[in-house]
Amino acid sequence: MNILTRVINLPGLKRKAHASRQAEGVLIALAVITLFASLRYDAFLSEYNIMTFLAYNSMFILIGLGMCFVIMTGGIDLSVGSVVALSSVVVAKVSEYGIEVALPVGILVGVTTGTINALVITRLKIVPFIATLAMMLGARGMALVISGNQSVDVSWESNFTQFGLGKMFDFIPWPVVTMLLAFAFCWLLLEKFAFGRHVLAIGGNEEASKLMGLEVNRTLFGVYVLSGALAGLSGVMLASGFGAGQPLEGLGWELSAIAAVVVGGTLLTGGLGSITSTLLGAILLGLIFNILNFENGLGTISFSAYWQSIIRGGFLLVVVVIQAKMMNRKKAH
Amino acid sequence: DLPTLEKKDRYKVGFAQTESNNPWRIAETKSFKETAKTCNWDLVYTDAAGSAAKQVSDVDSMIAQGVDVIFLPPREERPLLPAVLRAKAQGIPVFLVDRSVDEKVAKPGRDYVTFLGSNFIEQGQIAAKWLIEKTGGKGMILELEGTTGSSPANDRRKGFDDEIAKHPEMKILASQSGDFARDKGRKVTETLLQTYPNANVIYAHNDEMAIGAIQALEAAGKQPGKDVLIVSVDGTRDALQAIIDGKMGVTVESSPFFGPLACSTMKRYANGEKIEHWVRVKDRVFTIDNAAKYIDEAY
Amino acid sequence: MNNVDSIDLVECDMPSMGALSQAPEVVLSMQGIDKRFAGVPALSNANLALKAGEVHAIIGQNGAGKSTLIKVLNGAHKLDEGEIHFLGEAVSYASPHHAQMAGISTIFQEVNLIAYRSVTENICLGHEPKRFGMVDWRKAHAHARETLARFGLELDVEQPLGSFNIAIQQLVAIARAVALDAKVVIMDEPTSSLDEKEKAVLFRVIKELKSSGVAILYVSHHLDELFQICDQITVMRDGKTVEQKPISAMSKLDMVAAMLGKDPAEIAKGGATNFAATGQVSDEVLFSVAHLKGAAGLKDVSFDLYKSEILGLAGLLGAGRSEVARAIFGLDHEMKSGKMHLSGQPVDFNHPSRAIAAGFGFCSEDRKEDGIIPQLSVRENLTLVLLPRIAKYGLIDEAKERQLVDEFIRHLGIKTASMEQPISQLSGGNQQKVLLARWLVTNPNILILDEPTRGIDVGAKGEIQALIRRLADDGLTVLMISSEFEELVEGADRVIVLQDGHSIQELANEQLTENAIMKAIAQ
Amino acid sequence: MNSHQGEMKGDKQMNTSVLEERSKVPATLSARALSQVKNNGALWAFFLLLLINILITPNFLQIQTLYVNLTQVATVAIVAIGMTLVIASGGIDLSVGALMALAGTIAPMIFLSDFAASWPALGLVLAIVVAIAVAGLAGLFNGYLISVYKIQPIIATLILFISGRGIAQVLTNGELQTFDNPSFEFIGTGRILGVPVQAIITIVLALSIAWVIKRSIYGRFLLAVGGNEKAAELAGVPAKKIKMLTYMICGLLAGIAGLISTAINSASDANQTGQLMELDAISAAIVGGVLLTGGKAPILGAVLGAAIIQLVGYTLLANGVHDAVAMVAKAVIIIVAVYLQQVKGAK
Ligand SMILES: Nc1ncnc2c1ncn2[C@@H]1O[C@H](COP(=O)(O)OP(=O)(O)OP(=O)(O)O)[C@@H](O)[C@H]1O
Ligand SMILES: Nc1ncnc2c1ncn2[C@@H]1O[C@H](COP(=O)(O)OP(=O)(O)OP(=O)(O)O)[C@@H](O)[C@H]1O
Ligand SMILES: [Mg+2]
Ligand SMILES: [Mg+2]
């Protein structure tokens, strides 16, 4: 027995430490950038900027959270951007019945596409990348067909637009409240419920999870449906916060979501991940746009759209290279 | 109850461009940037990269920065409403440029100052009328649509199609999207020409696609301008050259040079003048008669 | 049948075996089992009867169909023909999970757990104790600790499993399977990555299970250990079950004879192992290592390797043996320090390709992780290292490739449908042979073998051992790592004992006995 | 070193067995080709599409239809070949569209320059070489991030996906470069013996790369790295170099495609060239039978996949089906094609 216990204190991967260090890393980056921006730009920390920034980015955070779960299983969901568009279109069509109807309908749209994704992945055994790539095309096509190729009017008479434009206590925009609730839900799901454990287990080793008797398919189902549902919810925000169902919106959102998850330190190979860092990652990426807008406002340099994309790409490069260096160094110790 | 604009020497002006991926938009941005110098503006320029949602967020960041006035070419009619309403609520006058927003919810003179721009439907109509006159009301038409779902595509289609529908001997054989892009316009034309060899007119929603169509025709051994008549909208330099070369029939101008108009309209507003609800841009029609004259003005 | 609810209650009590604890009865029987892969039979008319409270061994050559039989039983594969009865009912499981729910737990040949997750999670996954619908971590950890305590293991259960060595992982896998209140526990080569001490722990648990009426199906190539724990033996050959006898009625020789389908007398002539140190070692130091220090468990290792000798590395799991091999071979280069000399010249490889160019070969211990390339065929796997040498201007000489592959398949008796079969479809032992062939075909000067006979049947093991010896006699120098002290004592000319990343002793000649190694390690 | 021994031993036995081998090889080869046809769901899909078109699409059986499809499929097919290699190495490349734009932008900048005005031939060669080389370098950059920093391919290539096009746009200020340069346009619009040049380029590239993959060490190493990188590394395969090389080849091919696209349009448009190409190329590679887990590189399959996707688009367009519906159809095709392949593969 002494022999056995002697070897147990080997250096190894410490998940908790890893995740929290990652969160710390993103948090520090976020703090530094915020500090820089608040010193440089006058109105950066104004209530107006903070609230509109958060409200707009809530949509991205939602799909980022869903994406985080999917990626933790070792999968990917390329369809979320299109699903947001589809949901926004469908929701706009029912907006006259008020948010009480529209909200569940929007989520249902996402649940449906998520279910189809899950069926294709678990039943037809087609890898997530391909299954959701097809859904990316399919949902976009559906959105255009349903909307008749143009953005769809929402009702301004019902309480529908209140959801996207109104504020709780006249202070926090409802999208932000919704996003925070979704965040709390996802956090609990991952950290406190067996479901989250199974998600991580499957991402860690799907074969083993199967052999250990986990209902792998059921968990995968849950994950893709969750991702779909959050995209659907994001679509509701899009329709109600911008006053239209938009079949062409959401292009490339899946890539921003993936980037947010990765910047948050979640491994694309699955098995490890953090909800908190995903939230922070999404905010960090959104902040770049905000800062570029403020920078242009200073009038000293005006970044064209082209320079903006170069800067965004460059920022992503810096983040992932630093991250990679940290990871590789950790391995060396 | 519109927000007023005080008279100042120098204004902080927001210009929230929708995207910069085609010559027309680039020319529009350039026009605003040049006007900023001549009209004494501090320009706050943003680019929404084709996303209506981001454009709203861009406007929000301008509001946060406390601009005096916002020029907004809304990417789409409806999704930009919240931005217009929020700017108004923060006391910032908004001028819509080149596209309008849904009049049911936001009205000029109440929620925003005015709309500066052309009439996309009318552009389609003008193109159709020219065509009808030229062909005597006969023609087999292929239509190259703009980006599916975008308002110029929808309007230019509506204006054109409605006019054509009045003439029984004109028929739109096929109508497909070429995404406002030369390459896609070429590919779609190549395919449609195979299926409809009898087509003798091509109506493109913008000049880039029209140029693509010319290339497709030439590759298929047909003579653009003779075998197939080409009608388009925009008035780019390449299109005017094509008209001069006899490859294209007409292009209806859709001018991107809004800067000077923006400057003068804003000055009028600051002076307390009442602004009409639609500051119309006079769109010219370029044909073989005047193309050579205007080609140096084109972008 | 058991259901999930009762699993939640496990709480580490010994499974209560009320009905089963009486006179042994057949709990599980398999009759006339046929299984074909793409038309090629892997099992034909296999039969098995398993009684409560017995440990039943299945033995057979590589590719005889042992693993397939087990996979058919627990639902990992669908059988083509035949019947399975469990507790008197005809059963057919859709997956190992279903079998497990019904009371048949399997510990697979390759450790199949989740390295990133904690020990607790690996034990409790699928049946976490819950409070208000949420996982009750306190209880879960306690449960994990108790479960492991039965194996005499005290681990920090909140650590990721991957931070423990493979033996611990194997024991955790066993603990998990056993904790599920199983009536039948299947173990496919459970000891292949355990050392003596750990084996003892495992055997204790097996005996405990047995006494509480659990039936155990046990697959192993280590015939000696069968005598310690088994009651019944079933011998498989070419997909058939050719013999079933109580172990008392069989000698090791009988077993080998039955496996090979030969006459015991004929086998007896050959001797138990084909390893015999010849003692003709030159005194020319071909390669030397001084104060080698590297990743994880490697702290200070020095030794000399003489030309054409077989040098053994002994030690417990985690002593750093594999790390020595990896460090020499140019892996984990960033973390390495120390000096190495080849024929007197200082060398330091930063990539395996450098080591290979200098005449080294390294057959690693982890077949699945850093051995086979599953999508590629036997041919492509076998010639991977050799490739640059049978190519001109970057183009492969395919005729030569085929010819060499053909030769080695025959030479090593690799059981494969053709050289174009994907290696992933070969049995574990045959995969190992292909990997060995991958290096032998390059004709290296120094060959490092990390557990070369792991998972290889006695017959082939003997052949491989003999082959290694023959090559050594022809001038090949071998550094061999093995957890089987017997193999080291018989096969190696000298043995270096490692402990905790240090080389602590050298044993040679008459000093070299199993006892001596054991004593050195226990220091 | 006695490593020659093995070869010598081998040589001796070769004399005896090589004769039988010779006679066996062609037989197995043709048998394999046959079974490939039988087992290839994509090939069936392709023939089915042809049949449908012959039945319903007007003027389908014309040589011009073939040329139209050949010219339209060329760029996707070329990029799909590169994508197949990258996927076979276990990765993915999102940046191909941006690299097309980059190459397409750089070439005209060079042959429209003053230098090229005085040295037209040299200017043209330089334009083509430099443009393709820049795309190759960008691919190498991807490969470097992926193999040295071990950044996930999807993220590593996302960087150039985002900013690669931006670089091209900055170079031209986003403006179109129109040109009139018949020798350059020949890549896009020329014909050799009546066959469009870019079709010939595609076929030559496909066949030569397929041959290289099958016969060369690089090909074998690529599949090994894609199948199990750790194992390959341990067997002395220079995995990093192989990966970098692979991404570089993918970049080079994207560069060639970018030039073709620019040449056809007689204009370079940094904004539009190669837009959404990554999706088309990935779809083509997948329909062509590449495994996302790596270890398989069906080059000709990728070309076939591109042809199928092209033909689907052509069919729908020619029959007046709108873009939106075409998207849904494409989605279904991808799923069906991949599913059929898996079913066939499992048998
Ligand atoms: N998935 C598969 N596809 C095709 N053939 C297979 C597959 N799995 C096993 N086989 C074949 O079935 C035969 C029996 O294999 P099995 O794994 O049962 O052997 P084993 O007795 O467990 O051998 P070992 O001692 O080497 O583990 C082998 O010839 C093997 O090649
Ligand atoms: N890449 C790695 N990262 C972290 N730890 C490692 C790594 N490789 C090995 N270890 C740890 O270092 C210890 C020394 O391992 P090593 O494999 O050398 O032991 P060994 O004596 O060869 O035993 P075994 O028989 O298991 O191979 C192991 O217990 C293992 O857990
Ligand atoms: Mg086995
Ligand atoms: Mg080891």
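For clarity, every value in this text was computed on a predicted model and none was experimentally measured.

Draft legend 1. Main features of the overall build of chain A. Counting its secondary structure elements, chain A contains 14 helices and 4 strands. The contacts in chain A between residues at least 6 apart in sequence include a share of 78% that link residues at least 24 apart. Total accessible area computed for chain A in this model is approximately 11900 Å², and 68% of it derives from carbon and sulfur atoms.

Draft legend 2. Up close: the site of ligand 1. Residues and elements named next belong to chain C. The immediate surroundings of ligand 1 are formed by 18 residues, with Asn62, Lys66, Ser67, Thr68 and Gly429 found nearest. Between ligand 1 and the protein, one listed contact pairs an oxygen atom with a backbone N or O atom of Ala64 at 3.3 Å. In isolation ligand 1 has 650 Å² of accessible area, and contact with the protein removes 85% of it. In terms of residues, the shell around ligand 1 owes the most to one element, helix H2 (residues 66–73), which gives 3 residues. Of the residues belonging to the shell around ligand 1, the class tally is 4 nonpolar, 12 polar and 2 charged. Residue-level mapping places the shell around ligand 1 at the junction of two domains, with at least three residues from each of domain 1 (7–261) and domain 3 (373–443).

Draft legend 3. Molecular detail of the environment of Arg469 of chain C. Residues and elements named next belong to chain C. With respect to the helices and strands, Arg469 occurs in helix H17 (residues 458–473). On the basis of relative accessible area, Arg469 is assigned to the buried category, the value being 6%. For the pair Arg469 and Ala492, spaced 23 residues apart in sequence, the C-alpha separation works out to 9.1 Å.

Draft legend 4. A look at the sheet that holds strand S13 (residues 285–293) of chain C. Residues and elements named next belong to chain C. If you walk across this open sheet you meet the 4 strands as S14-S13-S16-S17, and the pairing is antiparallel. Strands at the two margins of the open sheet, each flanked by one partner only, are strand S14 (301–306) and strand S17 (345–347). Between one strand axis and the next, the sheet turns through 20° on average, direction left out of account. As defined by bridge partners, S13 adjoins strand S16 (residues 337–342) across 5 bridges and the pair is classed as antiparallel. When the bridges of S16 are listed, Ala290 appears paired with Lys339.

Draft legend 5. Summary view of the state of the cysteines. All names here are of chain A. Inspection of every chain in the model, using the stated rule, returns 1 disulfide over all chains. No disulfide involves Cys68; its nearest neighbouring cysteine sulfur is the one of Cys186, lying 8.3 Å away. Accessibility expressed as a relative area gives 0% for Cys68, which makes it buried.

Draft legend 6. The pairing of strand S22 (residues 477–481) of chain C, seen in detail. Residue and element names in this part refer to chain C. Counted residue by residue, S22 has 5 buried out of 5 residues, so it is predominantly covered. Burial along S22 is two-sided: the residues Thr477, Leu479 and Ile481 and Val478 and Met480 are all buried. Where strand S15 (residues 310–314) lies against S22, 4 bridges are found, and the strand directions are parallel. The residue of S22 that forms the bridge with Leu313 is Ile481. Inspection of the sheet shows strand S21 (residues 446–450) paired to S22 by 5 bridges, in the parallel sense.

Draft legend 7. Examining the interface of chain D and chain B more closely. If you look at the interface, chain D gives 31 residues, while chain B gives 31 residues. Buried surface at the junction of chain D and chain B, summed over both partners, amounts to about 2400 Å²; 45% is from carbon and sulfur atoms. For chain D, the biggest contributors to the area lost against chain B are Gln72, Asn265 and Leu317 of chain D; these three give 23% of the whole. Applying the counting rule to chain D against chain B returns 1 salt bridge. The interface formed by chain D and chain B holds 13 residue pairs in polar contact (both at pLDDT 80 or more) in total. Of the residues contributing to the side of chain D that touches chain B, the split by class is 10 nonpolar, 17 polar and 4 charged.

The rules behind the values
Residues numbered from 1 in each chain as written. Chains lettered and ligands numbered in written order. Predicted model: local features only at pLDDT ≥ 70, side-chain atom pairs only at ≥ 80, totals over all residues. Heavy atoms only, no water. Helix = DSSP H or I, 4+ residues; strand = E, 2+ residues; numbered from the N terminus. Contact = heavy atoms within 4.5 Å. Areas by Shrake-Rupley, 256 points an atom, 1.4 Å probe, with all protein chains shown as cover. Near = heavy atom within 4 Å. Polar contact = N/O pair within 3.5 Å; in protein donor to acceptor, adjacent residues only side chain to side chain. Nonpolar A, V, L, I, M, F, W, Y, C, P; charged D, E, K, R; others polar. Domains from an automatic or database assignment. Buried < 20%, exposed > 50% of the residue type's maximum accessible area, 1.4 Å probe, protein only. Pairing = 2+ DSSP bridges. Axes fitted to C-alpha atoms, helices over the stretch in contact; angles between N-to-C directions. Disulfide = S-S within 2.5 Å. Buried area = accessible area lost by both parts, 1.4 Å probe. Salt bridge = Lys/Arg side-chain N within 4 Å of Asp/Glu carboxyl O.

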